[in-house]
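Structural features, examined
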2 protein chains.
Amino acid sequence: MPRTSAAVPRPRRITAAQVAELAGTSVATVSLVVNDKTAGRVSTANIERVRAAVDELGYVVDHTASSLARGTSNIVILIAPDLSNPFYGRVISGIKDELGSEFQLLLSITGEGRNPSAADVHRLIALRPAGILVEAPDDAFLRDLPAGAPLVLLDAPGRETQAVTVNFDLAHGINALLDHLAERGHTRIGYLDSRTRTETFELRRILVETGAAARGMEYVSRPEAASLIDPDAAAEAFLEHWPAWRESGVTALVCATDSHAYGVLKAARDLGVRVPEDLAVTGFDNLPASAIVSPALTTVELPGEALGRGAVRALQAQRLSPEPVTAPLLGATLIVRGSTA
Amino acid sequence: MPRTSAAVPRPRRITAAQVAELAGTSVATVSLVVNDKTAGRVSTANIERVRAAVDELGYVVDHTASSLARGTSNIVILIAPDLSNPFYGRVISGIKDELGSEFQLLLSITGEGRNPSAADVHRLIALRPAGILVEAPDDAFLRDLPAGAPLVLLDAPGRETQAVTVNFDLAHGINALLDHLAERGHTRIGYLDSRTRTETFELRRILVETGAAARGMEYVSRPEAASLIDPDAAAEAFLEHWPAWRESGVTALVCATDSHAYGVLKAARDLGVRVPEDLAVTGFDNLPASAIVSPALTTVELPGEALGRGAVRALQAQRLSPEPVTAPLLGATLIVRGSTA
DNA sequence: GTGTTATCGTAAAGCGCTTGACGTAATAAA
DNA sequence: TTTATTACGTCAAGCGCTTTACGATAACAC
C-alpha cells in the first residue's frame, strides 16, 4: 500500500479538553478519572461529573496520544511464521481472551520458517509495544531484537535461558504415545519430521528417538517434509520413503504434525497401504479435521489456546516484576483414534 | 491483562533530534528526509548527511509520535469473526502481502457470528487506523462505526451501497457447480446451510436455489449447521436430515463450506451412505484438507488471498480519491474431485 | 491561635514528530 | 539595477494525553 496522503477528511475527534470543559474541571482531572488514578486526588463529586461528561460526549482516550505520553502503547505484537495452519487460530484465540479489551493484538506474519528482518523488527519496536510474543524464533531474530519490550517465546523448548518461554509438556505426550504404540505391539517406528527447523520439532524428534530406544523399539529414519500447511509435501515424502520403511519393518509412523499425517494418510490410500492394519499413523496438534479424516487420526493434542493464554500471562508477570518468570508446562495429551486402533 | 505500570525500564530511544545534531541540520529537515518529502526543500548534500546519520544511529521514526502529529497511524485493522478456519489464514496472507512493510495489521477477533461491541469499536477507532477491513459485518456494527477511517467490507455481497465491498463471483462458481451436478444426472439437490447468517451465506443459498430451479432441478431443503470451524455440527445436522433427504430422493448435497462438508462426509461414513454413489457432496473454499479427505471433496474454490489483496487495494484507492470505488468480483472456480465423480 | 497533615485541583512541561509559515540567498526575468 | 522567482532551511506551533510539582483548602491536634 502506498503511503500517500489521505484524500478522506478526518472527523473532529472528541478530546479530553472538551470533556473537561463540560465537567467544569481541568484536563488533568479528566485524565486521572478515565485512568482510574483518582485515589486521594479527585473528589467523588468530580469523578461523577467527569464520568457523566465522558458518557455524554462518548469520549474515548486517544490511544496514540496516550501512548506517546506514557511511552508505551497498548499493542501486543504476535510474531508468527504462518497462519494457514488452524493451530495458530487457537493460539490467537487464547491470546485475545487473556489480553482482554484493553490491549490490541498486532500480527507480524513472516512466512513459514522465517523470522522478521532487522528492518521489520525496528518497525515493530517503533510501535512501542506493550509486549512481544514470538512463535518459532531463530537466533538472528533474538539477536536483532533490542530490549525494547517484554518478550515471551511460544513453543520454543530450549530457549528458556534467552527469554521467558511457554512450552508444552511434549515429553509427557510423547511418552504416552510411545506407550500406546508399544502396547499395540509395534517394535519399529518411523518418524516423519517437519522441514522447519525450530526447537519444538527438534525436541519432538529427539523425544521420539530416545523414547523409542528406552522401550526397546527401533527408531528407523527421519525424512523431512516441507510444510506445516500443505499436506502434499508430506504425501510426497511418504511416497518416497515408504519402500524403505516397509523393507525395514516399520509398522508405525509418527508425524511431526497432524497436517503432515494427513498427507501420509492420503498417500497411503493411493498406495493401497492400509491404515492402521499395515501402518499406524499419528500426528501432533489435534486439529479439527483429525476427527474427520479416514481413518480418524491418533494424535498428541497440543492445547493452542492454553499456549496463547500462558504467553500473555507470562507477559503480564514480566510487566509486574523484573525477576525472571517461569511458566509451567502445558499438558500434551494423547488422543487415540482409528489410525492406530 | 491488567493495565499495571511496567516494572521493566525502557531503554533510551533514538530521536530525530539526535540525528539532526549528528547531521548538522534541524529536526524538520530530518523529518522531511525520512519521509521522502525533500522535493524543493532539502539539498542533496543535506539528504546525504541525514541519511548517513540515520544509518549510523539506527534511527527509526517513532510510530506513535508520527501518528499523533499526522493524525493517523499506519495500522490497518482487520475485524474477523474467527481465525480457526484456515480460510482466514489465506485472507490474512493476501492482506499482508499487499500492505507491504510500511503498514501493520491489527486483528480484532470477535467470535463466530458476532461483531465488535460499540465499546470495542471506539477502542479501535482510538488507534486512528489507516483503514478498517471487515469480514461479515452486521447492521449494528456498521451503524456504530464512526466515519473515522476508510472502510472495506470483505465477502459481504449486497452491502455495496453501504461501503466499498470486495466480493467473490459466487454466481459463476455456483453455476459451474450446478451444471456439473446436472451433467451427472442429479435432479434433486439438498443444501446444508451455515448457521451464521451473513450475506455471503444468504447469497450462496439463493443462488443454489434459483440456479437449481433454472436447471429444472428440485431444491429440497435447508437445514442449518452451526459452525464454520467445527465439522461436528454439520455431521449432526446431516444425521438428523438424511432420512428426510433420502425419502425425497436427494442425490446431491451442496454444503455452505468445506468444513461443513467434512462433517457430512464423516457422518455419511458412519451411516454407511456411500459418497458419491449414494450421495454427491460439495463444499465451498477449497481448504487444504479437501484434497485429503476421503473421498476428496468437489468444491468451489474461493481465492482467499485475492480477497485480502483486493481489500487492501480498495482501501488504498479510497485513500487516493474520495469517489466511490468499485472492486471487481474475484473468480470462484469449480474444482471437481471424488465426492461427485 | 498556630502548626501539621491530608485531601483535592490544576498548571505546565513534556512525549517525538510533522508541517505551514517564514526568512534568506541565489538565480532568472524585466 | 530592480523585481520576481526558485531553492533551501528552520522556527515554532501544534497533535492529545500523562504526570510531576505545587498551591490551596480543609481538617485536626495541640
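Nothing here was measured: the structure is a model prediction, and the numbers come from that model.

**Describing the domain arrangement of chain A**
- Partitioning chain A into domains gives domain 1 (16-61), domain 2 (75-166 + 305-327) and domain 3 (170-303 + 334-340).
- Once you take the C-alpha centre of each, domain 1 of chain A and domain 3 of chain A turn out to be 60 Å apart.

**Re the layout of surface pockets**
- There is about 660 Å³ of room inside the second largest pocket.
- Here the residues of the lining of the second largest pocket are counted per class, giving 9 nonpolar, 7 polar and 8 charged.

**A word on the UniProt feature "domain: HTH lacI-type" (unreviewed entry) in chain A**
- Using the residue numbers shown here, the UniProt feature "domain: HTH lacI-type" (unreviewed entry) corresponds to residues 14-70 of chain A.
- Here residues 14-70 of chain A runs as 67% helix and 0% strand, with 20 Å between its end C-alpha atoms.

**A few points about the pattern of salt bridges**
Residues and elements named next belong to chain A.
- Counted according to the given criterion, the structure contains 37 salt bridges over all chains.
- Between arginine 309 and glutamate 98 there is a salt bridge, with the nearest N and O atoms lying 3.1 Å from each other. Remark: glutamate 98 occurs in helix α5 (residues 86-99) and arginine 309 occurs in helix α12 (residues 304-320); sequence separation between them is 211 residues.
- In this structure glutamate 98 comes out as buried when scored by relative accessible area, which is 15%.
- Residue glutamate 202 is joined to arginine 197 by a salt bridge in which the shortest nitrogen-to-oxygen separation is 2.9 Å.
- Shared partners join several salt bridges into a network, and the residues in it are Asp193, Arg197, Glu202, Arg205 and Glu209.

**Some points on the protein's contact with DNA strand C**
- Of all residues adjacent to DNA strand C, which total 27 residues, the nearest are Ser43(A), Ala16(B), Ser31(B), Lys37(B) and Tyr59(B).
- For DNA strand C, the backbone portion of the atoms within 4 Å of the protein, that is sugar and phosphate, comes to 66%.
- Between a phosphate oxygen of DNA strand C and a main-chain N or O atom of Ser26(A), the distance comes to 3.2 Å.
- Going through the elements one at a time, α2 (27-34) and α4 (63-70) of chain A together with α2 (27-34) and α4 (63-70) of chain B are the ones with two or more residues in the surface near DNA strand C.
- The element best represented in the surface near DNA strand C is α4(B), accounting for 4 residues.

**Remarks on the relation of the copies chain A and chain B**
- Overlay of chain A on chain B (RMSD 0.1 Å): rotation 180°, translation along the axis 0.0 Å. Here the copies are linked by what is in effect a two-fold axis. Among all C-alpha atoms of chain A, that of Leu106(A) lies closest to the rotation axis, at 2.1 Å.
- The overlap is high: 100% of the interface residues of chain A also sit at the interface in chain B, so the same surface is used on both sides.

Rules used throughout
- Residues numbered from 1 in each chain as written.
- Chains lettered and ligands numbered in written order.
- Predicted model: local features only at pLDDT ≥ 70, side-chain atom pairs only at ≥ 80, totals over all residues.
- Heavy atoms only, no water.
- Domains from an automatic or database assignment.
- 1 Å grid on protein atoms, 1.4 Å probe; cavity = no way out; pocket = protein on both sides within 12 Å on 5 of 7 lines; lining within 4 Å.
- Points joined across faces, edges and corners; volume = space filled by probe spheres on them.
- Nonpolar A, V, L, I, M, F, W, Y, C, P; charged D, E, K, R; others polar.
- UniProt positions renumbered as here; feature names shortened; annotations may be inferred.
- Helix = DSSP H or I, 4+ residues; strand = E, 2+ residues; numbered from the N terminus.
- Salt bridge = Lys/Arg side-chain N within 4 Å of Asp/Glu carboxyl O.
- Buried < 20%, exposed > 50% of the residue type's maximum accessible area, 1.4 Å probe, protein only.
- Near = heavy atom within 4 Å.
- Polar contact = N/O pair within 3.5 Å; in protein donor to acceptor, adjacent residues only side chain to side chain.
- Least-squares fit on C-alpha atoms with pLDDT ≥ 70 in both.
- Contact = heavy atoms within 4.5 Å.

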